[in-house]
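# Breakdown of the fold
As a plain string of letters, each chain reads:
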Amino acid sequence: MKKIVFAIIVIAAAIWYFDLSRRMTETAIRESYQAQIAALQRFDARPLCDALDDSYQATVTARGSARAPSAKDKAGACADLTRTLRRMKTLSERTGGLLEPDYDFEIKSIKLSDDRKTATVEITSAMRIGDMTLARSRSVEHLIRRLGRIRSVSSEETVWAYQPE
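Here's what I pulled together on the structure shown here. Everything quoted here is computed from the prediction, not taken from an experiment.

## A closer look at helix α2 (residues 26-41)
Over its 16 residues, α2 runs 23 Å from end to end, which matches the ideal 22 Å to within 8%, given 1.5 Å per residue. For α2, the elements touching its buried residues are α3 (45-50), α4 (74-94), β3 (102-112), β4 (118-129), β5 (132-146) and β6 (149-161).

## A word on the sheet that holds strand β2 (residues 70-73)
Taken in spatial order, the six strands line up as β2-β1-β6-β5-β4-β3 in an open sheet, and their pairing is mixed. The open sheet has two edge strands with one neighbour each: β2 and β3. For this sheet, the mean inter-axis angle between neighbouring strands, taken without regard to orientation, is 20°. Summarising the sheet, β3 and β4 pair through ten bridges and their orientation is antiparallel. Opposite L112, over in β4, you have A119 as the bridge partner. Its contacts with the sheet place α2 against β3, β4, β5 and β6, and it is angled at close to 160° to β3.

## As for the environment of M127
Tracing the sequence through the fold places M127 in strand β4. Distance in space between the C-alpha atoms of M127 and L48 is 16 Å, their sequence separation being 79 residues. When sequence neighbours within four positions are dropped, the list of residues in contact with M127 reads M88, P101, D102, Y103, M132, T133, L134 and A135.

## Quick word on the environment of I110
Structurally, the position occupied by I110 is in strand β3. Between the alpha carbons of I110 and S152 there is a distance of 13 Å; along the sequence they are 42 residues apart. Every residue in contact with I110, bar those within four places of it in the chain, is listed here: E26, I29, R30, T120 and V121.

## Structural notes on the pattern of salt bridges
Taken as a whole and assessed by the stated rule, the structure comprises nine salt bridges. Between E26 and R30 there is a salt bridge; the shortest N-O distance is 4.0 Å. Taken as a pair, E26 and R30 lie in helix α2 at a separation of four residues, close to a single helical turn. According to the relative accessible area criterion, E26 is partly exposed, its value standing at 39%.

## As for the packing of aromatic side chains
Aromatic ring pairs are defined here through the distance separating the ring centres and the angle between the ring planes. Per the stated rule, a full pass over the model turns up one aromatic pair. Summarising the aromatic geometry, the rings of Y33 and F105 are spaced 6.4 Å apart at their centres and angled 40° between planes, so their arrangement reads as tilted. Here the residue Y33 occupies a position in helix α2, and F105 occupies one in strand β3, the gap between them amounting to 72 residues. One cation-aromatic arrangement involves R136 over W160; the distance from NZ or CZ to the ring centre is 4.7 Å.

Thresholds applied
Residues numbered from 1 in each chain as written. Predicted model: local features only at pLDDT ≥ 70, side-chain atom pairs only at ≥ 80, totals over all residues. Heavy atoms only, no water. Helix = DSSP H or I, 4+ residues; strand = E, 2+ residues; numbered from the N terminus. Expected span 1.5 Å × (residues − 1). Contact = heavy atoms within 4.5 Å. Pairing = 2+ DSSP bridges. Axes fitted to C-alpha atoms, helices over the stretch in contact; angles between N-to-C directions. Salt bridge = Lys/Arg side-chain N within 4 Å of Asp/Glu carboxyl O. Buried < 20%, exposed > 50% of the residue type's maximum accessible area, 1.4 Å probe, protein only. Phe/Tyr/Trp six-rings, centres within 6.5 Å; stacked < 30°, edge-to-face > 60°. Lys NZ or Arg CZ within 6 Å of the ring centre and 35° of its normal.

Take a look at the structure:
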């Protein structure tokens, strides 16, 4: 009897780990992005870095710049995020919250694979301080879900950075 119960538990755990914990829904994807926006507003890079898979690769093209497209892995992306959010937090604190960034994003499309284990998401976003737009971006992210958490495995992003007049 104990062996049967143990076998059922092992089978249930295997089904959860290899199948159920890897499936995504559009709602879960949208909630994941909402959590990332909340982390940006708190200047907290940790949840943003945790949302990147260990195999994460990104290509970033800066428009209006002579720089060539850059490639980043998880470590590079996290270092950039941490540095940028630390600077934004310092700016916000030193100005008493007057110069605090506001983030806008729109999910243009979510394409789930037939087995719902991968997704491709098209997003546009903007960062503003007051009425001034500092940057806009358009990106395509490729997502997976591991151990119940949605993670980005790759991203192709185009960024337009604006200089204040």
